[in-house]
Amino acid sequence: MWRWLSSRLAALVFLEHALDAAALVRLSEDGRRGPAKSAALQSPLLQGWMNHVQNMQLHFTKDVTSKPPADKHYKFEVKWFEQKVDHINKQHSGRFWQRYFLYEKFTETELDRTDYPLFVFCGAEQGDIYLEWQNFGFMLDVAREHGAKVLYLEHRFFGQSKPYGAEAFELAPDRVGLLSIEQSMADYVEIIKEYRGQGPVLTFGGSLSGTIAAMMRIQFPTLIDMAFASSAPVLGVVGVADQFAWRKRLTDNFAELGGADCPGLVRRGFNAFAWRNPAKLREAFGICEKHVPDAHWDMLLGMAWQELESLGNFPYPAHKSGIPLACTQMREVGPADDSKIFAKLLNLGPGGRLPYKCLDLRRWAAPAASPSAPGGAATRRAADAAGDATRAATGGPPSALGTQVADWAVGWSYMACTEVVHPIGANNVTDMFPPYDWTVAGLNAMCERAWKVTPDVNYLQRRIDVQVERPGAYPPAKRTKAVAGRILFSWGTRDPWGTMVPSRGWADDVEIVEVPGGGHCSDLQTPGPEDTEGMRRARANISGILGRWLMEVRPVRHMKMQPFGNHSSAHPGQLHSFGAAHHTEATAER
């Protein structure tokens, strides 16, 4: 049974099938664009990773509903930086417009304007980061307290920062081959050097952006003085991470918040697809088609999988979590008919959320998602809303680059096949998912088919260069003086990605803050009235540590000579000798 279902996982249709092959990867006549959708985007080896990126976007559009107070509607300037497309190959002199956002209001209270701290959000897999500060607003409270200037930087190949526009993801060294963390960090260095004064520089972020923030401190310790990384899986690497810990933590969330029997209900739901009774499943989901092809069953199974991971990754605060309701709905089926369990989870079928007499999977899986299709509408809103809002507010970048639907998914699959490699498997013993082993060989084969690349599975471990006392979940780091300190890691006790965060730092000034009941990056979110006391204490602890470091570094920074060239211009947007140009389009405002 499980062997059959595990083999079917390779054909799971990602993103509720609302994003078609042409939107995910458009294969050109000369074959330069790889079949990333069929190989990478549907692979069980990347299921947790790929669902995670979509779930983050849906979480903010669906779950984070509290509006920030009026005094926290921050008005960022939209900026453009003429960035090198290749910082490594000197034979490549191309440039592209990289988007970033600037907030300077807090520095107006400073008596010495050159002494301001600089807070830098390192964009990553979020895609379009327009209004990201409204979602991740906690650090703006810290910036306000310390009179900091704030930058939100968009990662190359995501959002509107795409070299070569529509050609960005072609399979070529001078196209998608330029998408890497190494190139991205070099991008960020160039922009940071333009804006830093004599005060401390702090990088921050969550998830991969938190990993990049920590790496910036480690790789550029004379430029970056400290880093705050929330839910950053820096030790989720081959040979250290327990591949089954991620889904165990997610499963435990269902047991703790939905009832001890809830993981068993989920197993029964998967079982119904393994021992598929087409007639019963058609009735349970209210499907129009008399003969349902395998691809459409896979679509429904993929939707259930994605919904489970979305609920399990974002259970904070517990009283707003969707897990209790999901478990209650699945429990209504009773012991008789497992075919209805995932229909109840997704609120489909008779009495469900659809305004139709039956579910037409042919329309739902159509090449172009209809705005009225239930899955298509939700998915397209998540993928398009931020990009559409940005274009409406700014008129687009100077080079008029377009934003294709789901380019973030394509870019993310490439990064997961090159440098960002985290082992996530399932065993159906400590977790509720169909079993499969995550292996380097399997990943290599899939990435070779999808992108013609071999993953650098040791990249993160090599660049961060931290050893551990023991492998497994929540590994403690070995003490070392060879790696930079003043890095703060935080992790939520209900965050599956927290299993890949160090439980002990490698130096006295590598601090670890545990967030009771926290989900993925929940401590970075904008504080609100629904926050628990445990969250408030954790944020106070984070703010206190960062404040102490800022006070320690600030006088030292103030006395030092600037070693990175001429930064004495009165306006940071002026051109400098290396040829970077700034372009201010408009003011981004909600």
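Residues numbered from 1 in each chain as written. Predicted model: local features only at pLDDT ≥ 70, side-chain atom pairs only at ≥ 80, totals over all residues. Heavy atoms only, no water.

(A) How the structure looks around the overall build of the protein chain. What the protein chain contains, in helices and strands, is 20 helices and nine strands. Out of the 590 residues in the protein chain, the part that is buried amounts to 62%. Accessible surface, the protein chain as shown: approximately 21600 Å² in total, 52% of it carbon and sulfur. (Helix = DSSP H or I, 4+ residues; strand = E, 2+ residues; numbered from the N terminus. Buried < 20%, exposed > 50% of the residue type's maximum accessible area, 1.4 Å probe, protein only. Areas by Shrake-Rupley, 256 points an atom, 1.4 Å probe, with all protein chains shown as cover.)

(B) Representation of the packing of aromatic side chains in the model. Counted by the stated rule, this structure contains 27 aromatic pairs. With 6.1 Å between their ring centres and 85 degrees between their planes, Tyr 130 and Trp 133 make a pair best called edge-to-face. With relative accessibility at 1%, the residue Trp 133 sits in the buried group. Seen from their ring centres, Phe 489 and Trp 506 are 5.9 Å apart, and the 65 degrees between their planes marks the pair as edge-to-face. Placement of Phe 489 in strand β7 (residues 487–492) and of Trp 506 in the loop between β7 and β8 (510–515) is noted, with a sequence separation of 17 residues between them. Judged by relative accessible area, which is 1%, Phe 489 ranks as buried. (Phe/Tyr/Trp six-rings, centres within 6.5 Å; stacked < 30°, edge-to-face > 60°.)

(C) Local environment of the state of the cysteines. Counting across every chain of the model gives three disulfides. Each sulfur of the disulfide joining Cys 262 and Cys 327 lies 1.9 Å from the other. Since a negative S-S torsion denotes a left-handed disulfide, the Cys 262-Cys 327 link at about -85 degrees is left-handed. Remark: Cys 327 occurs in helix α13 (residues 323–331) and Cys 262 occurs in helix α10 (residues 262–274); sequence separation between them is 65 residues. What makes Cys 262 buried here is its relative accessible area of 0%. What pairs with Cys 288 in a disulfide is Cys 358, and their sulfur atoms sit 1.9 Å apart. Negative torsions about the S-S bond denote left-handed disulfides, and the value of about 100 degrees found for Cys 288 with Cys 358 makes this one right-handed. Linking Cys 288 in the loop between α11 (278–285) and α12 (294–313) with Cys 358 in the loop between α14 (341–345) and α15 (361–364), this pair joins segments that are 70 residues apart in sequence. The class for Cys 358 is partly exposed, based on a relative accessible area of 31%. (Disulfide = S-S within 2.5 Å.)

(D) Representation of unusual backbone geometry in the model. A cis geometry characterises the amide bond from Tyr 316 onward to Pro 317, with omega recorded as -10 degrees. Among the secondary structure elements, Pro 317 is positioned in the loop between α12 and α13. Of note in this structure, Asn 428 is not a glycine but carries a positive phi near 60 degrees. Here Asn 428 shows up in the loop between α17 (407–416) and α18 (440–451). For Asn 428, a relative accessible area of 16% puts it in the buried group. Phi angles above zero are rare outside glycine, and Cys 521 is one such case at about 60 degrees. Here Cys 521 shows up in the loop between β8 and α20 (533–559).

(E) Looking closely at the pattern of salt bridges. Within this structure, the stated rule accounts for 23 salt bridges. The shortest N-O distance in the salt bridge between Arg 249 and Glu 256 comes to 3.1 Å. Classification of Arg 249 as buried rests on a relative accessible area of 11%. You can call Glu 256 partly exposed: its relative accessible area is 45%. A salt bridge links Arg 462 to Asp 456, with the shortest nitrogen-to-oxygen separation between them at 2.6 Å. (Salt bridge = Lys/Arg side-chain N within 4 Å of Asp/Glu carboxyl O.)

(F) Quick peek at the confidence of the model for the protein chain. Scored by pLDDT, the protein chain comes out at a mean of 80, with 74% of its residues at no less than 70. Here residues 1–41 is a poorly scored stretch, pLDDT under 50, and it has 115 contacts once near neighbours within four places are set aside; other chains count. Note that residues 586–590 has pLDDT below 50 and, in this model, 20 contacts with residues that lie over four places away or in other chains. (pLDDT = per-residue confidence, 0-100. Contact = heavy atoms within 4.5 Å.)

(G) Broad picture of α13. Listed in full, the buried residues belonging to α13 are Ile 323, Ala 326, Cys 327, Gln 329 and Met 330. On an axial view of α13, the arc spanned by its buried residues comes to 160 degrees, and they lie on one face. (Arc of directions from axis to C-beta.)

(H) Region of interest: the packing of helix α9 (residues 245–258) against α12. α12 packs onto α9 with a crossing angle of 80 degrees between their chain directions and a minimal axis gap of 9 Å. It follows from the interaxial angle that α9 and α12 lie roughly perpendicular. Residues Trp 246, Arg 247, Leu 250, Asn 253 and Phe 254 of α9 pack against Trp 305, Leu 308, Glu 309, Leu 311, Gly 312 and Asn 313 of α12. Partitioning the contact of α9 with α12 into residue classes produces six nonpolar, three polar and two charged. (Axes fitted to C-alpha atoms, helices over the stretch in contact; angles between N-to-C directions. Parallel < 35°, antiparallel > 145°, perpendicular 65-115°, else oblique. Nonpolar A, V, L, I, M, F, W, Y, C, P; charged D, E, K, R; others polar.)

(I) Region of the structure containing the nonpolar core. Judged by nonpolar contacts, the single largest core of 73 residues is most densely connected at Leu 151, Ile 181, Ile 192, Ile 212, Met 216, Phe 489 and Trp 506. Ignoring sequence-local partners within four residues, the contact set of Phe 489 consists of Ala 214, Ala 229, Val 234, Val 501, Pro 502, Trp 506, Val 510, Glu 511, Ile 512 and Val 513. Counting 45 residues, the second largest nonpolar core, distinct from the first, contains Cys 262, Val 266, Ile 323 and Val 333. (Core = buried A, V, L, I, M, F, W, Y, C linked by side-chain atoms within 4.5 Å.)

(J) A look at the environment of Gln 219. Relative to the helices and strands, Gln 219 resides in helix α8 (residues 208–219). Overall, the relative accessible area of 24% leaves Gln 219 in the partly exposed class. Taking the C-alpha atoms as reference points, Gln 219 and Met 185, separated by 34 residues in sequence, lie 9.0 Å from one another. Discounting chain neighbours no more than four positions away, the residues touching Gln 219 are Met 185 and Arg 463. Among the polar contacts made by the side chain of Gln 219, one reaches the main-chain carbonyl oxygen of Arg 463 at a distance of 2.7 Å. (Polar contact = N/O pair within 3.5 Å; in protein donor to acceptor, adjacent residues only side chain to side chain.)

(K) Focus on the environment of Leu 171. Structurally, Leu 171 can be placed in the loop between β4 (149–153) and α7 (181–195). Classification of Leu 171 as partly exposed rests on a relative accessible area of 22%.

(L) Inspection of α9 at higher detail. For α9, built from 14 residues, the straight-helix expectation of 20 Å at 1.5 Å per residue is met to within 8% by its first-to-last C-alpha distance of 19 Å. All of the buried residues in α9 are Ala 245, Trp 246, Arg 247, Arg 249, Leu 250, Thr 251, Asn 253, Phe 254, Leu 257 and Gly 258. Looking one or two residues beyond α9, the residue adopting positive phi is Gly 259, at roughly 115 degrees. (Expected span 1.5 Å × (residues − 1).)

(M) Seen up close, the pairing of strand β5 (residues 201–206). Within β5, six of the six residues are buried, leaving the element largely enclosed by the surrounding structure. Of the two faces of β5, the one lined by Val 201, Thr 203 and Gly 205 and the one lined by Leu 202, Phe 204 and Gly 206 are each fully buried. Bridging between strand β3 (residues 118–122) and β5 involves four bridges; their strand directions are parallel. By the bridge assignment, Phe 119 is partnered in β5 with Leu 202. One ladder, built from five bridges, connects β5 with strand β6 (residues 226–230); its direction is parallel. When the bridges of β6 are listed, Gly 206 appears paired with Ser 230. A crossover connection joins β5 to the parallel β6 through α8; in handedness this β-α-β unit is right-handed. (Pairing = 2+ DSSP bridges. Right-handed = clockwise from strand over helix to strand, strands pointing away.)

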